[in-house]
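Residue-level structure breakdown
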Amino acid sequence: MTIANARPIRTFLTVVGLWAGLGAFSVAVSAALADDAADSLSANLGSIDFPNSGAPEAQTAFLTGMKAFHSFEFAAAREAFREAQSIDPDFGLAYWGEALSYNAPLWAEQDRDAARATLARYEATPGARAQRTPRGRERGLMEAVDVLYGVGDKLSRDIAYSEAMRRLHEQFPDDDEIATVYAVSLLGTVRPGDRGFSRQIRAGAIALEVFGRNPRHPGAAHFIIHAFDDPEHAILALPAARVYAEIAPAAPHALHMPSHIFVQLGMWEGVVDSNDASYKAALDQIEHKGVARGRSEYHALQWYHYGQLQLGNVGMAQWALDEAFRTLGQFPSARVRNGTMSMLARHTLEQEAWSEFDHAVLGDAERDHSAVQLAAGLSAAHTGNLAAAEAALASIRAARQRFVRESSTAYRARIAAVEEKQLEAALALAGGDAAAAEAFLVEATTLEAELNPPSGPPLPMKPAFEMYGEFLLVQGRTEEAAVQFGKALERTPNRTKSVQGLARTR
């Protein structure tokens, strides 16, 4: 069943909540149902073994929080860890877990103030927290999280935290939870544009060892996927990708994550199915947990849209784009708008729907959205509106210049630089200067070759090697075009337009 004709799923927790609201059961029965629901949720997030000093009554909540963290369901993790704290206020790892949930390692995002406030509820200072926490692995974890939220910039703290986790892993090499947290800490030191693969390989190797011992460990499966999320290594993560959704079906992010590997291997049906399930689960979570729109469900919707485009299912892709605009109409936040504009850009570029692009949809909010500006510029160039194309080019150029000034957006500047050259090529071609257009395309491919292979739908949204191949085809230079399509497919395997372009060279 696909997203378009399916109602959001209703979880067991929702049914329990509705029953309790009817007041048809006694307090004792309601409490038993709540316990059953908590057990059901925990069972649907995977299986881990984490011996600790907390009260036995706090274990279900604590383990639920830990498993939710492993699937990056941070809000659910916080809720569970706080429950464990309320049951056992002396349970240090319950505060450690909540603090850890304020760090999104792979996005380099962190709420340091909230994490520090959580830790301060346990004890006011790092020294006091360490002294109160039982010696050994628990104290080591507490000391490590204090490094994560200590002094220095985010990257330096991420590196120092990972080093602390490395030492703890060496001290307790057979502890799967320490190993898994160390693995994700390694991935948390990687930034877009970093060269080399040693940290990813190390993290993946550790996660594979844990996965071998416990094939239902949510963190092991999850971090294997993230470690090998590139075309060259993705095949190593395919076994984990095939089972992760079954390990943690209560986590929308876990339902989405297999599609990272499916994209890298060009398995488009898997991309669609994973994100169909993730989108429905995320909508259910939004409905019953009050989660803000524009996060996990939009991520899944965008990937679903891309997968349908690759399959040639234009109607379903159009439904997804329409769904995004419907959501924007109801929830006009900056995050929802940004996601919707991304989908509009990709839809325009994939479908080459140049005459259908509505330039009036662009406002001040899109001045830094280089992908939608590229879509607007190419649409204008192809339909003879050169003034609009020049305006889009100016927006991309200005965005690139703004991005390059900040370390947090420096990689976006490199993507925008490719898009700038692509639009310059289109303008040159519209002006009849094929030689200049080719020079710009060569520059675009050179810049793109310096980017990491995309960990998902391509960025830039129109791959430069593919665009250059299409240009060469029009010029009748089929052998050269085949080379460019081949390079495009190395970065984005089985991508439909590149496959079709390569076929036209034969």
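The preceding data block contains the structure.
**Remarks on the packing of aromatic side chains**
The tally for this structure, following the rule as stated, stands at 14 aromatic pairs. Summarising the aromatic geometry, the rings of Trp268 and Tyr306 are spaced 5.7 Å apart at their centres and angled 85° between planes, so their arrangement reads as edge-to-face. Highlighted residues: Trp268 in helix H16 (residues 268-289) and Tyr306 in helix H17 (residues 296-311), separated in sequence by 38 residues. Here the two residues Trp268 and Tyr306 agree in accessibility, since each one is buried. Through a chain of ring-to-ring contacts, three or more aromatic side chains come together here, namely Phe50, Phe62, Phe81, Phe91 and Trp96.

**Let's talk about the nonpolar core**
Within the largest apolar cluster, 76 residues are counted, with the highest numbers of intra-cluster contacts made by Phe50, Phe62, Met66, Trp96, Leu100, Val145 and Met165. By residue number, the principal contributor to this core is helix H10 (residues 176-187), which donates eight residues. Leave out the neighbours within four places in its chain, and Met66 touches Ile48, Phe50, Phe81, Trp96, Leu100, Glu177 and Val181. Judged by nonpolar contacts, the second largest core, of 54 residues, contains Ala371, Leu374, Ala380 and Ala389.

**Notes on the pattern of salt bridges**
In this structure the tally under the stated criterion is 31 salt bridges. For Arg132, the salt bridge is made with Asp90, and the minimal N-O distance between the two is 2.5 Å. Linking Arg132 in helix H7 (residues 126-132) with Asp90 in the loop between helix H4 (74-87) and helix H5 (92-100), this pair joins segments that are 42 residues apart in sequence. With relative accessibility at 53%, the residue Asp90 sits in the exposed group. Here the salt bridges do not stand alone but share partners, grouping Arg397, Arg400, Glu420, Lys421, Glu424 and Glu443 into one network.

**A few points about the packing of H17 against helix H18 (residues 314-330)**
Where H17 meets H18, the axes come as close as 8 Å, and the angle between the chain directions of the two elements is 155°. The angle between H17 and H18 falls in the class roughly antiparallel. Viewed along their axes, H17 and H18 form a crossing whose handedness is left-handed. Along its contact with H17, which presents Tyr298, Leu301, Tyr304, His305, Gln308 and Leu309, the element H18 presents Met316, Ala317, Trp319, Ala320, Leu321, Glu323, Ala324, Thr327 and Leu328. Looking at the contact of H17 with H18 residue by residue, the classes come out as 11 nonpolar, three polar and one charged.

Definitions and cut-offs
- Once a new chain begins, its residue numbering starts again from 1 and follows that chain's sequence as written.
- It should be noted that, the model being predicted, local features are given only for residues of pLDDT at least 70 and side-chain atom pairs only at 80 or more, the latter also being counted only at that level, while totals for whole chains, interfaces and linings use all residues.
- Neither water nor hydrogens contribute to the side-chain values; these are computed over all heavy atoms in the structure.
- Planes of paired rings set the category: under 30 degrees apart is stacked, over 60 is edge-to-face and the rest tilted, where pairs are Phe, Tyr or Trp rings (Trp by its six-membered ring) whose centres lie within 6.5 Å.
- Secondary structure counts use DSSP, requiring at least four H or I residues in a row for a helix and at least two E residues in a row for a strand, with both numbered from the N terminus.
- The buried label applies to any residue whose accessible area, calculated with a 1.4 Å probe on protein chains only, is under 20% of its type's maximum; exposed applies above 50%, and partly exposed to all values in between.
- The set of buried Ala, Val, Leu, Ile, Met, Phe, Trp, Tyr and Cys residues whose side-chain atoms join them within 4.5 Å is what this entry labels a nonpolar core.
- Only heavy atoms enter the contact rule, under which two residues are in contact if any of them lie within 4.5 Å.
- We define a salt bridge as a contact between a side-chain nitrogen of Lys or Arg and a carboxyl oxygen of Asp or Glu at a distance within 4 Å.
- Note on method: axes are straight lines fitted to C-alpha atoms, helices fitted across the in-contact stretch only, with angles between N-to-C directions ranging 0 to 180 degrees.
- In this scheme, roughly parallel covers angles under 35 degrees and roughly antiparallel covers those over 145, while 65 to 115 is roughly perpendicular and the rest are oblique.
- Handedness of a crossing is defined here by the sense of rotation of the near helix relative to the far one, left-handed for an anticlockwise turn of less than a right angle and right-handed for a clockwise turn.
- Only Asp, Glu, Lys and Arg are considered charged, only Ala, Val, Leu, Ile, Met, Phe, Trp, Tyr, Cys and Pro nonpolar, and every remaining residue, Gly among them, polar.

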